[in-house]
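Descriptive analysis of the structure
Residues per chain, in single letters:
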Amino acid sequence: MVTATTVTVTKVWTRESAIAEKRDVWTAIKRGFRGRCPRCGEGKLFRAFLKVESNCSGCGLDFTPHRADDLPAYLVIVIVGHLVVPTALLIETNYAPPVALQLAIYLPITFVASLLLLQPVKGAVVGIQWALRMHGFDELNPEP
Ligand SMILES: [Zn+2]
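A brief structural summary. (Residues numbered from 1 in each chain as written. Predicted model: local features only at pLDDT ≥ 70, side-chain atom pairs only at ≥ 80, totals over all residues. Heavy atoms only, no water.)

A few points about the coordination of the zinc ion
Each protein donor to the zinc ion is listed here as Cys37 (SG), Cys40 (SG), Cys56 (SG) and Cys59 (SG); together their distances run 2.2 to 2.3 Å. Classification of the site at the zinc ion rests on its 4 donor atoms, whose angles at the metal span 102 to 115°, yielding the label tetrahedral. Positions of the donor residues of the zinc ion along the chain correspond to the pattern C-x2-C-x15-C-x2-C. Residue Cys40 is located in the loop between α2 (25-33) and α3 (71-94), and its partner Cys56 is located in the loop between α2 and α3; the two are separated by 16 residues in the primary sequence. A relative accessible area of 5% places Cys56 in the buried class. (Donors = N, O, S within 2.8 Å, 3.2 Å for Na, K, Ca; no water. Tetrahedral: all angles 85-135°; square planar, octahedral: opposite > 155°, others 65-115°. Helix = DSSP H or I, 4+ residues; strand = E, 2+ residues; numbered from the N terminus. Buried < 20%, exposed > 50% of the residue type's maximum accessible area, 1.4 Å probe, protein only.)

Structural data, given as structure tokens:
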């Protein structure tokens, strides 16, 4: 005859277990940049272009407490500006093409590069927030 026994595991809290484990910031940034969950790297981070999912489909991490706000837009302006402006100055000083030609090239490049970078940069910002435990991730979603 087989009898079922219930085993209750009690968690013993020590000083070491109370210290939260270190999260790798670069891994979280890379996962966020690819549009994946910063914790597991599997679940999708976005449900629309800039709409973050409510939680991860892979590990269940709650994404709602994050506040990326305007930081991704500022970072995209800095990145694209540092690529387009020096290029425009270099071409202007060396070749001096007509202004209309320059505008016809630089404006679409700036527009497209900004759109392409906005979602990955927002994902990276969410990854940084998760890795650095910003905006209450831990209070609402403690590690298992
Ligand atoms: Zn996940």
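Thoughts on the side chain of His66
Within the secondary structure layout, His66 lies in the loop between α2 and α3. Within the local environment of His66, its side chain forms a polar contact with the backbone nitrogen of Ala68, the two atoms lying 3.4 Å apart. (Polar contact = N/O pair within 3.5 Å; in protein donor to acceptor, adjacent residues only side chain to side chain.)

Regarding the packing of α2 against helix α4 (residues 99-131)
Closest axis-to-axis distance for the α2/α4 pair is 7 Å, and the angle between their directions is 150°. Our pair here, α2 against α4, has a crossing hand that is right-handed. In contact with Val25, Ala28, Ile29, Gly32 and Phe33 of α2, α4 contributes Leu117, Pro120, Val121, Gly123, Ala124, Gly127, Ile128, Trp130 and Ala131. Among the residues forming the contact of α2 with α4, the class breakdown is 11 nonpolar, 3 polar and no charged. (Axes fitted to C-alpha atoms, helices over the stretch in contact; angles between N-to-C directions. Left-handed = near helix turned anticlockwise from the far one by under 90°. Contact = heavy atoms within 4.5 Å. Nonpolar A, V, L, I, M, F, W, Y, C, P; charged D, E, K, R; others polar.)

Examining α4
Here α4 spans 45 Å end to end across 33 residues, near enough to the 48 Å set by a 1.5 Å rise per residue. At Leu118, α4 shows its largest kink, close to 35°, and the proline Pro120 lies no more than four residues downstream. (Expected span 1.5 Å × (residues − 1). Bend = angle between axes of the 7 residues up to and from the residue.)

Quick notes on the nonpolar core
Listed in full, the 11 residues of the largest apolar core are Ala28, Cys37, Leu45, Phe46, Val52, Cys56, Leu61, Phe63, Val126, Trp130 and Ala131. When residues in this core are grouped by element, the largest group, 3 residues, is from α4. Grouped together as the second largest cluster of nonpolar side chains are 8 residues, Val84, Leu117, Leu118 and Val121 included. (Core = buried A, V, L, I, M, F, W, Y, C linked by side-chain atoms within 4.5 Å.)

Describing a nonpolar patch on the surface
The grouping of Phe49, Leu50, Phe111, Val112, Leu115 and Leu116 at the surface amounts to a nonpolar patch, some 570 Å² of accessible area in total. Structurally, Phe49 is set in the loop between α2 and α3. (Patch = residues over 30% accessible without salt bridge, like charges linked within 9 Å, V, L, I, M, F, W, Y side chains within 5 Å. Areas by Shrake-Rupley, 256 points an atom, 1.4 Å probe, with all protein chains shown as cover. Salt bridge = Lys/Arg side-chain N within 4 Å of Asp/Glu carboxyl O.)

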